[in-house]
Amino acid sequence: MSKQGEIDYVRHIGEAGLAHAVDKPFSDGGCAQMLVDIGIVMHLLPPPPARLLDLGCGTGWTSAFLARRGYDVTGQDIAPDMVAAAQAARDRQGIANLRFVVSDYEGLAFDGEFDCALFFDSLHHAVDEEAALRSAWRALRPGGILVTHEPGEGHAANPATQAAVARYGVTEKDMPPRHIVAVGRRIGFSRTRILVNSERLVRLGLGIGEAGLLGKLARYRALQPLVAAAMNFSRWGRLGSMVVLVK
Ligand SMILES: C[S@@+](CC[C@H](N)C(=O)[O-])C[C@H]1O[C@@H](n2cnc3c(N)ncnc32)[C@H](O)[C@@H]1O
């Protein structure tokens, strides 16, 4: 587990790896699911031109996507090479309402400047996820919304994940919804909502987001721990899910 591993990552993946990261989602085999997911994220966020903080933005595909929709976006990442690639992509696309900062999301100085914030596949790289969630909480105005899109239980044990940790020295953790909800509530988020989100759930007939069976159950706060437990107990917990937290 090392922040230096995150910082050095781009240098280790080579030109092809960087090209893949920059061209996401279209360069990725999971493109269809990524587009579904960013669409759901957009649906959960307040409408543009809300001020959005994209935490652990990497090469910034989510930042650029949401800026093109009209959000006023600040992308944030600990890796200077990631941010340089994100800035170059932004300039190529000529997006004005998008800026990037290099910083550690576990100790941000933002204080109430944002209407919404996003961790898209990045919170599970935190050494201290409570500090990262606290940074997001501080950065939001009262009533501001944080959306997380993270892998659930089983991610860290996945052989591909373990290979990445061994090769690059990056941090990879399970980040199941029940954990995000528990930490978020401890920090002070007043409302939380879990969204079951998986293509496999659709195939199983259990549905996606709020429309599916689990999504409907998760609307009732009293049932959220049950839904989270079901997801974590079963193999569903291994699949990505989203959490919405309201300051
Ligand atoms: C799996 S990548 C996801 C990047 C981007 N959100 C995406 O979906 O393409 C995880 C990102 O988290 C960043 N990261 C890891 N630890 C961080 C920290 N402490 N502060 C800020 N960013 C961090 C990494 O540099 C990396 O860009």
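Cut-offs and rules
Residues numbered from 1 in each chain as written. Predicted model: local features only at pLDDT ≥ 70, side-chain atom pairs only at ≥ 80, totals over all residues. Heavy atoms only, no water. Salt bridge = Lys/Arg side-chain N within 4 Å of Asp/Glu carboxyl O. Helix = DSSP H or I, 4+ residues; strand = E, 2+ residues; numbered from the N terminus. Buried < 20%, exposed > 50% of the residue type's maximum accessible area, 1.4 Å probe, protein only. Axes fitted to C-alpha atoms, helices over the stretch in contact; angles between N-to-C directions. Parallel < 35°, antiparallel > 145°, perpendicular 65-115°, else oblique. Left-handed = near helix turned anticlockwise from the far one by under 90°. Contact = heavy atoms within 4.5 Å. Near = heavy atom within 4 Å. Polar contact = N/O pair within 3.5 Å; in protein donor to acceptor, adjacent residues only side chain to side chain. Nonpolar A, V, L, I, M, F, W, Y, C, P; charged D, E, K, R; others polar.

Please provide a residue-by-residue account of the pattern of salt bridges, values included.
On inspection of all chains with the given rule, the structure shows 11 salt bridges. D91 is paired through a salt bridge with R90; the nearest N and O atoms lie 2.9 Å apart. One salt bridge in this structure joins E130 and R186, with 2.7 Å as the shortest N-O distance. A residue pair is termed long-range when its members are at least 10 positions apart, and E130 in helix α5 (residues 129-139) and R186 in helix α7 (residues 177-187) qualify at 56 residues. Judged by its relative accessible area of 21%, E130 is partly exposed.

Let's hear about the packing of helix α2 (residues 31-44) against helix α3 (residues 61-69): which residues, and what values?
Two numbers describe how α2 lies on α3: the axes approach to 11 Å, and their chain directions differ by 50°. Judged on the interaxial angle alone, α3 and α2 are oblique. Crossing angle aside, the handedness with which α2 passes α3 is right-handed. Along the contact surface, α2 presents M34, L35, I38 and M42, while α3 presents W61, T62, F65, L66 and R69.

Just give me the short version of the site of the ligand, but keep the residues and values in it.
The immediate surroundings of the ligand are formed by 19 residues, with K24, G56, D77, D104 and F120 found nearest. Here a nitrogen atom of the ligand sits 2.9 Å away from a polar atom, N or O, in the main chain of Y105. Here a nitrogen atom of the ligand and a backbone polar atom of F120 are 2.8 Å apart. Grouping the constituent residues of the shell around the ligand by class yields seven nonpolar, six polar and six charged.

Limitation: the analysis is restricted to geometry and does not speak to function.
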